Amino acid sequence: MNDEELQHWREHTEALINELIEDGTNEEVHHTIEHHFASTDFELLEKAAVTAFKMGFDVEEPEEAELETGEKIFAFDIITEQALDFDIIFDEAKTMYQLAKQCNVDYDGWGTYFEE
């Protein structure tokens, strides 16, 4: 991972965590983290999902979506449960990014939900 990409995911992770905390999410509970993967090539995406599954990750079924341009894209999420902790989530994001690069698919970052 180059420094520019690393910095992008570092900033993404910091911003998301800070926004959740500012909104009053419960920092004491684990959050469901969804790491997003996408590709226009279903076979590549399917291979990435199988690789992630073999690594022990909870992988959701790949789905087909359509971009605003009309182009078809395929996507799946890897789901984890984590404390809302920068170091834990950033390490996880780095792992996911490296998995995506290894499998020639796109890592579209992560998201989570507000917890009461």
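Above: the structure in question.
Criteria and thresholds
- Just so you know, the residues in each chain are numbered from 1, in the order the chain's sequence is written.
- Local features in a predicted model are, by the rule used here, given only for residues with pLDDT of at least 70; side-chain atom pairs are given and counted only at 80 or more, and totals for whole chains, interfaces and linings are based on all residues.
- Only hydrogens and water are set aside when side-chain values are computed; all heavy atoms of the structure are taken into account.
- Note on conventions: DSSP H or I runs of at least 4 residues are helices, E runs of at least 2 residues are strands, and numbering of each starts at the N terminus.
- Whether a residue is buried, partly exposed or exposed follows from its accessible area with a 1.4 Å probe, protein chains only, as a fraction of its type maximum: under 20%, in between, or over 50%, in that order.
- Between two residues, a contact is recorded if the distance between any of their heavy atoms is within 4.5 Å.
- Here, Shrake-Rupley sampling with a 1.4 Å probe gives the accessible areas, and only protein chains in the shown set may cover a residue.
- What a helix is expected to span follows from its residue count: subtract one and scale by 1.5 Å.
- Under the rule applied, a polar contact is a pair of N or O atoms within 3.5 Å (in protein, one hydrogen donor and one hydrogen acceptor; residues adjacent in sequence only if both atoms are side-chain atoms).

Visitor: Even after reading the chapter, I still don't get the overall build of the chain, so can you show me in this structure?
Guide: Across its full length, the chain carries three helices and five strands. Overall size of the chain, expressed as C-alpha extent along the three principal axes, is 40 × 30 × 30 Å. The buried share among the 116 residues of the chain stands at 34%. At a minimum sequence separation of 6, the contacts of the chain that also span at least 24 residues come to 74%. Of the roughly 7100 Å² that the chain leaves accessible, carbon and sulfur atoms contribute 44%.

Visitor: Before we go on, may I ask you to explain helix H3 (residues 86–103) in this structure?
Guide: Given 3.6 residues per turn, any residue in an α-helix points the same way as the ones three and four places further on. End to end, H3 covers 25 Å across 18 residues, agreeing with the expected 26 Å (1.5 Å per residue, within 8%). Within the sequence span of H3, burial applies to Ile89, Phe90, Glu92, Ala93, Met96, Tyr97, Leu99, Ala100 and Cys103. Considering only its buried residues, H3 is in contact with helix H1 (3–22), strand E1 (31–39), helix H2 (42–54), strand E4 (72–82) and strand E5 (106–111). At the N-terminal end of H3, a side-chain oxygen is found 3.1 Å from the backbone nitrogen of Asp87, two or three residues along, and the residue is Asp85. Downstream of H3 by one or two residues, Asn104 has phi in the positive range, about 60°.

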